[in-house]
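Given next are the chains, with one letter for each unit.
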Amino acid sequence: MGRRWWWRRRALVAACLGAALLLLLNAPLLTPPAFEYRAVGSSWLGGKRRSPLQMLYDLDQGPRCALAEVHRQRRDLLRRACSHHTRRQRLLRPEDLRHVLVDDAHGLLYCYVPKVACTNWKRVLLALSGRGPGDPRAIPAHEAHAPGRLPSLADFSPAEVNRRLRAYLAFLFVREPFERLASAYRNKLQRPWGATFQRRFGTGIVRRLRPRPGPDALVRGHDVRFAEFLAYLLDPRTRRDGPFNEHWERAHALCHPCRLRYDVVGKFETLAEDAAFVLSLVGAPGLRFPEPPSRAQAAARDRAARLFRDISPFYQQRLYGLYRMDFLLFNYSAPSYLRLR
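The following paragraphs examine the structure supplied in this document.

Points about the state of the cysteines
The final tally for this structure, using the stated rule, is 2 disulfides. The partner cysteine of C82 in its disulfide is C258, sulfur to sulfur 2.0 Å. Measuring the twist about the S-S bond at about -85°, one finds the C82-C258 disulfide to be left-handed. Remark: C258 occurs in the loop between α13 (251-255) and β4 (264-267) and C82 occurs in helix α4 (residues 66-85); sequence separation between them is 176 residues. According to the relative accessible area criterion, C82 is buried, its value standing at 9%. Residue pairing for C111: its cysteine sulfur links by disulfide to C255, the two sulfurs lying 2.0 Å apart. Between C111 and C255 the disulfide shows an S-S torsion of about -95°. By sign, it is left-handed. Within this pair, whereas C111 is found in strand β2 (residues 108-111), its partner C255 is found in helix α13, the two being separated by 144 residues in sequence. Of the two residues, C111 and C255, neither departs from the other in class, the shared state being buried.

Written out as structure tokens, the structure is:
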């Protein structure tokens, strides 16, 4: 059963990749009317090749492609959720665009959400842009995250921002919110290599929330309990001190999907297929996305379930309220292990 399901998913991706390549090779060089108003200068204009946004338009207008249909439905669900659950919003500020990375050579805007394969997506963008080796897996994580390696949309003038928003393919990847939260806790506050985060955040969490902290914990912040971490997130003082750290900030607060239009909403749960779909639109289906093994994703779900089972229903409910918009906007159901009232 599992093997047949895996092959069906691979066949689905292959079919859409084939359709995208056929469009890339055979499509006329005329720009469709729907995209005439979106043209900006870049290497893929002037008849050289079709932009990723044009490729997506062609897939939407052409013969039915099941994977393209999945992403169309996700766009529609996001738009309806934004309309239903959001009210009047403030205008975007430049700092709101800091997480949106720009690839001018390929006409891409990628909003990165930490703990949702963002290291590997940064590797891929570096490989595509020629700023790193052709194999993304050869790019060390610290280089992928180095400041300035990839331009941010916040670095451009308002006119340049608007031109890119009109003409580039915008995409993001999201993850079930509580699984992402558990991953952030484990990676940044529990694992040995999280010493920097432990000193920066762990010491403050222990000092604020632990009745009788030991001197070692006050200096190192290395033994923060999951319940303490969640209490820190729910403490009103935390938000008064400033925005959440990006590793546990809500995805909608990082990427503003109700104010920026996203053409592809990828999901961590279907990472391989969604990444292949984006790369097919770019015209780089041969570039291999460095996806984690499927057993690693299953293990992450199990760890999240174990961590949250020890949290009282009262705090589970409050935390769900804090991350509610991510559940609603990206069509995630509350995990079955929660005991919500």
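Okay, back to it.
Quick notes on the pairing of β2
Residue alternation in β2 divides its side chains into two sets, L108 and Y110 and L109 and C111, and both sets are buried. In terms of strand pairing, strand β1 (residues 100-103) meets β2 through 4 bridges, oriented antiparallel. Across the sheet, residue D103 finds its bridge partner in β2, namely L108. Hairpin geometry of β1 and β2 is characterised by an intervening segment of 4 residues between the two adjacent antiparallel strands and by a positive phi of about 70° at G107.

Observations regarding unusual backbone geometry
The phi torsion at A117 lies on the positive side, around 60°, for a residue other than glycine. Along the chain, A117 falls in the loop between β2 and α5 (118-129). One non-glycine residue, N331, lies in positive phi territory at about 60°. Assignment of secondary structure puts N331 in the segment after α17 (324-329).

A word on the pattern of salt bridges
Counting across every chain of the model gives 23 salt bridges. Two residues, R72 and E69, come together in a salt bridge whose shortest N-O distance is 2.5 Å. Residue R72 and its partner E69 are located together in helix α4, separated by 3 residues, close to a single helical turn. For R210, the salt bridge goes to E228, with nearest N and O atoms at 2.8 Å. With R210 in the loop between α9 (195-209) and α10 (215-220) and E228 in helix α11 (residues 226-234), this pair connects stretches of sequence that are 18 residues apart. Grouping residues by exposure puts R210 and E228 together as buried. Among the charged side chains, a network of salt bridges with common partners joins E69, R72, D76 and R79.

Overview of the packing of aromatic side chains
Under the counting rule described, the total for this entry stands at 20 aromatic pairs. Between F178 and F327, the ring centres sit 5.3 Å apart and the planes meet at 85°, which makes this aromatic pair edge-to-face. Placement of the pair is F178 in helix α8 (residues 177-190) and F327 in helix α17, with a sequence separation of 149 residues. Accessibility classification places F178 together with F327 in one group, the buried group. Taking 5.2 Å as the distance between ring centres and 80° as the angle between the ring planes, the aromatic pair formed by F314 and Y315 counts as edge-to-face. You can call F314 partly exposed: its relative accessible area is 42%.

Calculation criteria
- Residues numbered from 1 in each chain as written.
- Predicted model: local features only at pLDDT ≥ 70, side-chain atom pairs only at ≥ 80, totals over all residues.
- Heavy atoms only, no water.
- Disulfide = S-S within 2.5 Å.
- Helix = DSSP H or I, 4+ residues; strand = E, 2+ residues; numbered from the N terminus.
- Buried < 20%, exposed > 50% of the residue type's maximum accessible area, 1.4 Å probe, protein only.
- Pairing = 2+ DSSP bridges.
- Salt bridge = Lys/Arg side-chain N within 4 Å of Asp/Glu carboxyl O.
- Phe/Tyr/Trp six-rings, centres within 6.5 Å; stacked < 30°, edge-to-face > 60°.

Any link to function would need more than the numbers given here.
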